[in-house]
Amino acid sequence: MSDLRLSKMFMTQLSGLLKRISEKEEFAIEDAGRLLSQSFLGEGSIYMKGFDEMAAIEIEALYGAEVLSSIKRWTEGAPLTEADRVLVAARFSDDPNALQLARQLQANGIPFAAIASKKEEPGIEELADVFIDLRLIKGLLPDDKGGRAGFPSSIAGLYVYFLIKMTIEEIAAEYED
């Protein structure tokens, strides 16, 4: 298969994935933006934690061209208060590290939103105040061995992050007027 054909196939599948996320997770994305906006309205901060490749979201939020104000990287022992909010991102909803953080946040009464692809077994979606399903369980393209390749979880996560960020900025603008 030519590189150009692969590129077109991947782009088609990726566009379809992003469109599905946009359509099916629209309300969850808006709810996540509202939840996270509560942090700056209550003089708190938004903490981010991305596990594995989803750290790309964290890096974008902290160091990207359009940094979200009042954003901080979550680290073990971060001094969270009830005014703070957290955005957790993982490849799958059953990620053990994301689940550990989710349980800790829930136990301490810290509201949080989660971004991940939902698996069959219950996971972080059961603990999060808002859950956004990336709907990506396998690669987008069939490979020569009967499997699937092209698993763009970080691209999908970044797409969702930017939609959340724009929602937060829209809410902030309304409160500034």
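Use the structure listed above.
About the criteria used
- Residues numbered from 1 in each chain as written.
- Predicted model: local features only at pLDDT ≥ 70, side-chain atom pairs only at ≥ 80, totals over all residues.
- Heavy atoms only, no water.
- Phe/Tyr/Trp six-rings, centres within 6.5 Å; stacked < 30°, edge-to-face > 60°.
- Helix = DSSP H or I, 4+ residues; strand = E, 2+ residues; numbered from the N terminus.
- Buried < 20%, exposed > 50% of the residue type's maximum accessible area, 1.4 Å probe, protein only.
- Lys NZ or Arg CZ within 6 Å of the ring centre and 35° of its normal.
- Pairing = 2+ DSSP bridges.
- Axes fitted to C-alpha atoms, helices over the stretch in contact; angles between N-to-C directions.
- Contact = heavy atoms within 4.5 Å.
- Right-handed = clockwise from strand over helix to strand, strands pointing away.

(A) Summary view of the packing of aromatic side chains. Counted under the stated rule, the structure contains two aromatic pairs. Consider the rings of F92 and F151, whose centres lie 5.8 Å apart with planes at 70 degrees: the pair is edge-to-face. With F92 in strand 3 (residues 85-92) and F151 in the loop between strand 7 (148-149) and helix 5 (153-176), this residue pair connects regions lying 59 residues apart in the sequence. Given the relative accessible area of 18%, F92 is considered buried. Ring geometry for Y161 and F162: centres 5.3 Å apart, planes at 65 degrees, overall edge-to-face. Given a relative accessible area of 28%, F162 falls into the partly exposed group. Seen from the ring of F51, K49 lies directly overhead, with NZ or CZ sitting 5.2 Å from the centre. Sitting above the plane of the F92 ring, K119 keeps its charged end 4.3 Å from the centroid.

(B) A look at the sheet that holds strand 1 (residues 46-50). Read from one edge of the open sheet, five strands run 2-1-3-4-5, paired in parallel fashion. Since the sheet does not close on itself, it has two edges, and those belong to strand 2 (71-73) and strand 5 (130-133), each with one partner. Along the sheet, successive strands turn relative to each other by an average axial angle of 20 degrees, direction set aside. Pairing of strand 1 with strand 2, which is carried by three bridges, proceeds in the parallel orientation. Each bridged residue has a counterpart across the sheet, and for I46 the counterpart in strand 2 is I71. Strands strand 1, strand 3 and strand 4 (112-117) of the sheet are contacted by helix 4 (residues 96-107), whose axis makes an angle of about 155 degrees with strand 3.

(C) Focus on the pairing of strand 4. Among the six residues in strand 4, six count as buried, and that is most of the element. Burial along strand 4 is two-sided: the face carrying F112, A114 and A116 and the face carrying A113, I115 and S117 are both buried. Read as a crossover between parallel neighbours, the route from strand 3 over helix 4 to strand 4 is right-handed.

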